[in-house]
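Architecture at a glance
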Amino acid sequence: MTEGSPADSREEAFALYEAGKYRESIERCNSLPGGKDDPSVAVLVVTNYFALKEYDEAEVRLRDLITHSPDSSYYHSFLGKVLEAAGKEGGIAAYAQAVQLDPGNEEALRAYAVHFIGMGDHRTALPLLSALVSISGKRDDTIALMRSLIETGDGEGALKVHASLSGGEGAKTEYIDALMTAGRYQEAAKAALAAYRSCRDPGFLRQHLAALAVFDRPAALHLFPAFLQECPDDDLALDYVLLLKSEKRYREALEACKRLIEQRPDPIHQLVACELVAGTGENDLAQQGYEELIREEICQGNDLETLSMIVGAYEVFLKKAYALTTVPECYLSVVSGDPNVISMARTGWFYASFGEAKEAREWLYRAYRLDYLNGGVEYARFLAQEGDLRECEKVLLYVLTHLKKTGDLVRVTKTVLEAENRWQRMQRLVDALLARFSAEINTLGPEGVEVFARVYLCAAEGALEAGDYVRCKECCLYGFDLTREHTREFFEIITRCKKATVAERPVLPFGVTGPTGNSKDRESNDLPDLGLDEREEALVAFLKQHRESNEEELRKVLGTRRVSGAVNRLIKKAADAGVSLIEKQGMGEHGEIYVYCGK
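A few points on the structure. Everything numeric in this text was worked out from a predicted model, so none of it was measured.

Quick notes on the rules
- Residues numbered from 1 in each chain as written.
- Predicted model: local features only at pLDDT ≥ 70, side-chain atom pairs only at ≥ 80, totals over all residues.
- Heavy atoms only, no water.
- Helix = DSSP H or I, 4+ residues; strand = E, 2+ residues; numbered from the N terminus.
- Buried < 20%, exposed > 50% of the residue type's maximum accessible area, 1.4 Å probe, protein only.
- Contact = heavy atoms within 4.5 Å.
- Areas by Shrake-Rupley, 256 points an atom, 1.4 Å probe, with all protein chains shown as cover.
- Salt bridge = Lys/Arg side-chain N within 4 Å of Asp/Glu carboxyl O.
- Core = buried A, V, L, I, M, F, W, Y, C linked by side-chain atoms within 4.5 Å.
- Disulfide = S-S within 2.5 Å.
- Axes fitted to C-alpha atoms, helices over the stretch in contact; angles between N-to-C directions.
- Parallel < 35°, antiparallel > 145°, perpendicular 65-115°, else oblique.
- Left-handed = near helix turned anticlockwise from the far one by under 90°.
- Expected span 1.5 Å × (residues − 1).
- Polar contact = N/O pair within 3.5 Å; in protein donor to acceptor, adjacent residues only side chain to side chain.
- Nonpolar A, V, L, I, M, F, W, Y, C, P; charged D, E, K, R; others polar.
- Pairing = 2+ DSSP bridges.
- Phe/Tyr/Trp six-rings, centres within 6.5 Å; stacked < 30°, edge-to-face > 60°.

This next bit is on the overall build of the protein chain. What the protein chain contains, in helices and strands, is 32 helices and three strands. The buried share of the protein chain, taken over its 599 residues, is 45%. Partitioning the contacts of the protein chain with sequence separation of at least 6, the portion at a separation of at least 24 is 53%. As presented, the protein chain carries roughly 31200 Å² of accessible surface, and 49% of it is formed by carbon and sulfur atoms.

And the structure:
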């Protein structure tokens, strides 16, 4: 091998990356003859951009690699990593594709499982974690498997997994939780106390007292004060307060809660204190506490979820303490006076709980005008509840039109579907949801895909009710292809559809577009709306006419020397829409060569 050969330059590029000289590594890669056609060099360039946190460039280049090698699990997994790092949607969908292509892809399996764990869906995470543990054998993966088994109630299964950890050592927290889940509370209490004595971690002390409280509640209540003196800990102190509260020892619990608030004035601790004061029967004092806490949270204005929880508790207190027949002035003064979406929406629903539909509608409409997303969903739920499906559909179509994020689309649609108000009768809304989800299919994670399937289920039910049996069958087939959770429901609907059909006609095309046809022949000649600007439309039109061009020619077409950036953006837009439009074919005499691969 001679000095200065391509192999030397490639090794130098890798060495520059290892040394943290990412720009220099990219420059060396770009200087390699034929380097753009070498996958290892292309991946190194992407890795350098990722290290530089230039995620957009890394994404564009990865999508280009995927266009040429769509079956590469590694490329899809890397794309998921880039999208996650950039805070973009679509990362989970990329990991899902990577796992589908290669069930042995450790990184993709781990990221995919973590997604479900983060959603609290440990049951779906279990097979992924089991496969991951069998491949990696890593301690952290094994502990994650234990945790998911515990969360699904399989304590004995978690204990069996624990036995594989270095002869049963390690993962003490999970081991103790597994014992408790398996109902072996005395063993759990003993193991937790031993663990605490060895390392003084208050987490083990909490586990010990929680287990002890199950089989010897008086002993746990007796030991709490001594342990709190020995090991002051906010979470341990809250456990003691809640245990006293469960015993209806409100005054003792309140004194302990006040001490906790002095150390850590958390809103949740203050809310517990309000509930304890109410438990003592001092309603005026409790009301004052609730109202002060609400004013403080409104003033902070940074945690609407906590505000909603506190206001909800205040509503329960008011109804229980004063036997209300309508929304009281104190509530309107404290909650309703601030123009935030939670205050307005909760006021509306509070009026609705007293049967005052007119006032409720006005407040919820204000919430909608203030926040089209969060307020709009609440207003639509109220309209559906009142039977005003026409206005409800109008509001939801407006919300849907203005949504920007796939996550918001999934959240809104879940709210719609879970409201149980015969949404399938809103034909325009269902059609709009199907169109929007179809456009977002490449960025949908597992949850989004299931929600998409449920929209098809809703559409199938509506079509069956309307006697449109062809549409019903189409929706069932599309939805069944998407779902894992609702297969039975689709079977039931399509069975009913077939029974109602007088003359059965196929809905799937045959001939060249049937099962024996080429998949490329089944692609539509019409491109989806990619949101192209004038320059990008001109570029597409030129390439579509000439089928192949180069960088020098396209500079004249676009009137700029920055051809590469424009093409990369176009490739990304097409990839986001799930289509292939332009491919790069390496370097030629007149710069990069581009080939049109659309229809």
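With that out of the way, let us pick up the pattern of salt bridges. Inspection of the entire model under this criterion finds 35 salt bridges. Because the salt bridges share partners, they merge into one network encompassing Asp56, Glu59, Arg63 and Lys88.

So, about the environment of arginine 110. Mapped onto the elements, arginine 110 comes out in helix α7 (residues 106-118). What makes arginine 110 partly exposed here is its relative accessible area of 25%. Between the C-alpha atom of arginine 110 and that of leucine 129, which follows or precedes it by 19 residues, the distance is 7.3 Å. With residues up to four places along the chain from it excluded, the contact list for arginine 110 reads Leu132, Ser136, Lys138 and Asp141.

To continue, consider the nonpolar core. Nonpolar side chains in soluble globular proteins tend to be buried together. Counting residues in hydrophobic clusters, the biggest one holds 141 residues, and the most contacted among them are Ile294, Tyr314, Tyr331, Phe437 and Cys472. In terms of residue count, the dominant contributor to this core is helix α27 (residues 446-466) (twelve residues). If we skip the residues at most four places from it in the chain, isoleucine 294 touches Leu307, Ile310, Val311, Tyr314, Val334 and Val335. If you look at the next biggest cluster of nonpolar residues, it comprises 23 residues, including Ala13, Val41, Val46 and Ala58.

Before going further, it helps to spend a moment on the state of the cysteines. Tallying each qualifying case throughout the model produces zero disulfides. No disulfide involves cysteine 257; its nearest neighbouring cysteine sulfur is the one of cysteine 274, lying 8.9 Å away. Its relative accessible area of 0% is what places cysteine 257 among the buried residues.

For the rest of this paragraph, the subject is unusual backbone geometry. Among all residues except glycine, the phi angle is most often negative; among peptide bonds, the trans geometry is most common. Phi is positive for lysine 53, which is not a glycine, with a value near 65°. Along the chain, lysine 53 falls in the loop between α3 (39-51) and α4 (55-68). Phi angles above zero are rare outside glycine, and alanine 323 is one such case at about 50°. Positionally, alanine 323 belongs in the loop between α19 (304-322) and α20 (329-334). By relative accessible area, which is 61% here, alanine 323 ends up exposed.

Looking now at the packing of helix α6 (residues 91-101) against α7. In the contact formed by α6 and α7, the axes pass within 9 Å of each other and the chain directions differ by 130°. The orientation of α6 relative to α7 falls into the category oblique. Once α6 is placed against α7, the crossing between them reads as left-handed. Of the residues in α7, those in contact with Ile92, Tyr95, Ala96, Ala98 and Val99 of α6 are Glu107, Ala108, Leu109, Ala111, Tyr112 and His115.

Moving on, we come to the side chain of serine 77. The residue serine 77 is located in helix α5 (residues 73-85) in this model. Residues in contact with serine 77, not counting those within four places in the same chain, are Tyr95, Ala98, Asn105, Glu107 and Ala108.

Between the first and last C-alpha of helix α15 (residues 234-246) there are 18 Å, a value that for 13 residues agrees with the 18 Å anticipated at 1.5 Å per step. Taken residue by residue, α15 has Leu236, Ala237, Leu238, Tyr240, Val241, Leu243 and Leu244 as its buried positions. Residues of α15 that are buried sit in contact with α13 (202-215), α14 (217-230), α16 (250-263) and α17 (267-279). Where α15 begins, the side chain of aspartate 233 points an oxygen toward the backbone nitrogen of aspartate 235, at a separation of 3.2 Å. After α15 finishes, the residue lysine 248 shows a positive phi value of roughly 60°.

As a further point, take the packing of helix α26 (residues 427-439) against α27. Viewed as axis vectors pointing N to C, α26 and α27 meet at an angle of 150°, and their least axial separation amounts to 10 Å. Taken as axis vectors, α26 and α27 run roughly antiparallel relative to one another. As α26 packs across α27, the resulting crossing turns out to be left-handed. Across from Val430, Leu433, Leu434, Phe437 and Ser438 in α26, the residues of α27 making contact are Gly448, Val451, Phe452, Val455, Tyr456, Cys458 and Ala459. In the contact of α26 with α27, the residues fall into ten nonpolar, two polar and no charged.

What follows deals with the side chain of histidine 76. In this fold, histidine 76 is placed in helix α5. When near neighbours in sequence (up to four residues on either side) are disregarded, histidine 76 contacts Ile66, Pro70, Ala94, Gln97, Ala98 and Leu101.

With five of six residues buried, strand β3 (residues 591-596) is to be regarded as a mostly interior element. By the bridge criterion, three bridges tie strand β1 (residues 548-550) to β3 in an arrangement that is antiparallel. The residue of β3 that forms the bridge with glutamate 548 is valine 595.

Looking now at the packing of aromatic side chains. Aromatic rings considered in pairs are described by the distance between their centres and by the relative angle of their planes. What the rule picks out here adds up to 24 aromatic pairs. For the pair phenylalanine 224 and tyrosine 240, a centre-to-centre distance of 5.1 Å together with 25° between the ring planes defines the contact as stacked. Taken together, the positions of phenylalanine 224 in helix α14 and tyrosine 240 in helix α15 put the pair 16 residues apart, joining distant regions of the chain. Note on accessibility: phenylalanine 224 and tyrosine 240 belong to one class, buried. Taken together, Tyr290, Tyr314, Phe317, Tyr322, Tyr331, Phe350 and Phe354 form an aromatic cluster joined through their ring pairs.

Function cannot be read off these values alone, since they describe shape.
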